[in-house]
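Remarks on the overall topology
Read off the chains here:
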Amino acid sequence: MDTTPNILVVDDHRDIRDGLTRYLKKNGMRASGVADAVAMDAALKVGSFDLIVLDVMMPGEDGLSVCRRLRATGQIPILMLTALGDETDRIVGLEMGADDYLPKPFNPRELLARIKAILRRIDRKQISGGSLAGRRLFFDRWILDTDRRILSDDLGDDVKLTTAEFRLLTVFLERPRFVLSRDQLLDLTSGRNAQVFDRTIDNQISRLRRKIERDPSNPTLITTVWGGGYSFATDVSEAS
């Protein structure tokens, strides 16, 4: 079986799309290019890809919507291409579960380096479950099935988690009662250093609190440690 990374480039600009696929092939990867979300869906039905390079601005379904949809159904890594200086798209893309971003115009060598870094990180950290893979974990009134990625409450009702929320929750469950800074949380969940995207973690935590806290305005599970970051302030055990 061919283990060479297979990359799908989704960009409506033909010169960018064709140039990237040629460059990736020249540097030891398999690569295909498509112009929009419809063609991407068709390619995913017949091929197996290790990573998607996804442009934000496309005709039809835009890249942010595509990222949200892909994250609701799978774990394929996504590197988003954004307009230079469009910080909002980059933040939203990361919140929706993109693994990295690169503003246009970009150096193909940097894109290749980022792709390799993402693939190394996926192999190393096994993001789909990490050290919690294959386990059912109990905390407060919740049970998380890490293989099925289903969060259920004590009444048996399921709560849907986005990929970003699932990653964040598993990071906390692996480290209950530890204080984690924003930089640490960003690195553990997406492998990137924080800096201008500190508030990405804050936004993700706010969304996760709305799903698991009894009173999100007065959280008792994910607590804020002033000047330090956040802590998962409850015990975690194996579910029976």
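None of the values given here were measured: they were computed from a predicted structure. (Residues numbered from 1 in each chain as written. Predicted model: local features only at pLDDT ≥ 70, side-chain atom pairs only at ≥ 80, totals over all residues. Heavy atoms only, no water.)

**Section: the pattern of salt bridges**
- The tally for this structure, following the rule as stated, stands at 17 salt bridges.
- The partner of arginine 69 in a salt bridge is glutamate 61, and the shortest N-O contact between them spans 2.9 Å.
- For arginine 69, a relative accessible area of 30% gives the class partly exposed.
- Residue aspartate 140 is joined to arginine 214 by a salt bridge in which the shortest nitrogen-to-oxygen separation is 3.8 Å. Note that aspartate 140 is positioned in the loop between strand 6 (136–139) and strand 7 (142–145) and arginine 214 in the loop between helix 8 (198–212) and strand 11 (222–225), a separation of 74 residues in sequence. (Salt bridge = Lys/Arg side-chain N within 4 Å of Asp/Glu carboxyl O. Buried < 20%, exposed > 50% of the residue type's maximum accessible area, 1.4 Å probe, protein only. Helix = DSSP H or I, 4+ residues; strand = E, 2+ residues; numbered from the N terminus.)

**With respect to the sheet that holds strand 12 (residues 229–232)**
- The strand order 10-12-11 describes an open sheet built from 3 strands, whose pairing is antiparallel. At either end of the open sheet lies a strand with only one pairing partner, and these are strand 10 (179–180) and strand 11.
- Direction of pairing for strand 11 relative to strand 12: antiparallel, over a ladder of 4 bridges. Pairing of threonine 223 across the sheet is with serine 231, part of strand 12.
- Packed onto the sheet, helix 6 (residues 163–174) meets strand 10, strand 11 and strand 12 and runs at close to 70° relative to strand 12. (Pairing = 2+ DSSP bridges. Contact = heavy atoms within 4.5 Å. Axes fitted to C-alpha atoms, helices over the stretch in contact; angles between N-to-C directions.)

**With respect to the side chain of lysine 104**
- With respect to the helices, strands and loops of the structure, lysine 104 is situated in strand 5 (residues 100–104).
- A relative accessible area of 17% means that lysine 104 is categorised as buried.
- At 2.9 Å, the side chain of lysine 104 forms a polar contact with the side chain of aspartate 11.
- In this structure the side chain of lysine 104 is engaged in a polar contact, spanning 3.2 Å, whose partner is the side chain of aspartate 55. (Polar contact = N/O pair within 3.5 Å; in protein donor to acceptor, adjacent residues only side chain to side chain.)

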